[in-house]
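# A structural walkthrough
Take a look at the letters that make up each chain.
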Amino acid sequence: NVNKNHEVVVSALAKLNNPNVHYAIAGLGDKKEYLEQLATKLGIKNQFHLLGYRTDAFSLYKTADVFVFPSFREGLSVSLMEAMASGMPIVCTKIRGNVDLVEEGKGGQLFMPRDVDTLCSHLKVLVDDEKVRQKYGAYNRVAVEKFGIKNVLEKMKEIYAIVC
């Protein structure tokens, strides 16, 4: 949908001009035809993949090199936390929720939702430098643990102990 802002990634992919870089989207939505037409218009139709509804997110994370999350608005995103737990480097928008999860320069890079140039620049670094991808991924595996069920339950117990 509009909120997911996939067109910024399609535009950055075209600007990156690297036929070895692909963008895959899992899920269903009303922007399918629009995004397909945009990818065709920008000459990256073969690098753009709409995967449809999927139940195997973790296998998708394992096949990807970078998790790009371009939304205009999110809460505390489960898919972003899953990608982090899978050890993925992140490139995401600098919005509420994302900034609570991704530490810039340690677990990934942030960009403003309409900033194609900065997104392209961040992608180029991660495409070109495997060591940076590995460093960010390793950091994310550890950083996301504070949002794990064990820690969340402990925090909830503390909150209820104060209230009751």
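We now turn to the structure provided with this report. (Residues numbered from 1 in each chain as written. Predicted model: local features only at pLDDT ≥ 70, side-chain atom pairs only at ≥ 80, totals over all residues. Heavy atoms only, no water.)

### A closer look at the packing of helix α1 (residues 6-16) against helix α2 (residues 32-41)
Here is the rule we go by: Axes here mean lines fitted to C-alpha atoms, for a helix over just the part in contact, with angles spanning 0 to 180 degrees between N-to-C directions. A helix here means a DSSP run of H or I that spans at least four residues, while a strand means a run of E at least two residues long, and both kinds are numbered starting from the N terminus. If an angle is under 35 degrees, it is roughly parallel; if it is over 145, roughly antiparallel; if it lies from 65 to 115, roughly perpendicular; otherwise it is oblique. By the definition used in this description, the sense in which the near helix is turned from the far one sets the handedness, with an anticlockwise turn below a right angle giving left-handed and a clockwise turn giving right-handed. Between two residues, a contact is recorded if the distance between any of their heavy atoms is within 4.5 Å. Following the grouping adopted for this structure description, the nonpolar residues are Ala, Val, Leu, Ile, Met, Phe, Trp, Tyr, Cys and Pro, the charged ones are Asp, Glu, Lys and Arg, and the polar ones are all others, Gly among them.
Where α1 meets α2, the closest approach of the two axes is 10 Å, and the angle between their N-to-C directions is 15°. One element, α1, and the other, α2, form an angle in the roughly parallel class. The handedness of the crossing between α1 and α2 is right-handed. In this structure, α1 contributes His6, Glu7 and Val10 to the contact, and α2 contributes Tyr34, Leu35, Leu38 and Ala39. Per-class residue counts for the contact of α1 with α2 are 5 nonpolar, 1 polar and 1 charged.

### Some details on α1
So the rule is basically this: Partly exposed describes any residue whose relative accessible area lies between the buried limit of under 20% and the exposed limit of over 50%, with all areas from a 1.4 Å probe on protein chains only and scaled to the type maximum.
Among the 11 residues that make up α1, 8 are buried, leaving the element largely enclosed by the rest of the structure. Looking at the buried side of α1, the elements it contacts are β1 (23-26), α2, β2 (48-52), β3 (67-69), β5 (108-111) and α6 (116-128). Note on α1: the residue one or two positions beyond its end, Asn17, has a positive phi of about 55°.

### Re unusual backbone geometry
Unusually for a residue other than glycine, Asn5 sits at a positive phi of about 60°. Along the polypeptide, Asn5 turns up in the segment before α1. Within the chain, Asn17 stands out as a residue other than glycine whose phi angle is a positive 55°. Within the element layout of this structure, Asn17 appears in the loop between α1 and β1.

### Details of the packing of aromatic side chains
The description of an aromatic ring pair rests on the distance of the ring centres and on the angle between the ring planes. Heads up, the rule is: The pairing test for Phe, Tyr and Trp rings, Trp by its six-membered ring, is centres within 6.5 Å, and the orientation test on the planes gives stacked under 30 degrees, edge-to-face over 60, and tilted for anything in between. For a Lys NZ or an Arg CZ to count as sitting over a ring, it must be within 6 Å of the ring centre and within 35 degrees of the ring normal.
For the structure shown, the criterion picks out 4 aromatic pairs. Ring geometry for Phe67 against Phe69: centres 5.6 Å apart, planes inclined by 25°, an arrangement best described as stacked. Here Phe67 matches Phe69 in class, with each residue buried. Here the aromatic cluster, defined as three or more aromatic residues joined through ring pairs, consists of Phe58, Tyr61, Phe67 and Phe69. Geometry around Tyr34 places Lys31 over its ring, the cationic atom sitting 4.3 Å from the centre.

### Examining α6
Put simply, the test is: In a helix, the anticipated span is given by 1.5 Å times the number of residues less one. Picture the helix axis, draw a direction to every C-beta atom, and the arc is the one those directions span. Here a polar contact is taken to be a pair of N or O atoms separated by no more than 3.5 Å, where protein atoms must pair a possible hydrogen donor with a possible acceptor and residues adjacent in sequence count only if both atoms sit in side chains.
With 13 residues, α6 extends 18 Å from end C-alpha to end C-alpha; this agrees with the ideal 18 Å at 1.5 Å per step. Those residues of α6 that fall on the buried side of the exposure criterion are Leu119, Cys120, His122, Leu123 and Leu126. Projected down its long axis, α6 carries its buried residues within an arc of 165°, all on one side. In the core, the buried residues of α6 are packed alongside α1, β3, β4 (90-93), β5 and α7 (130-143). Measuring from the side-chain oxygen of the N-cap residue of α6 to the backbone nitrogen of Asp117 gives 3.3 Å; that N-cap residue is Asp115.

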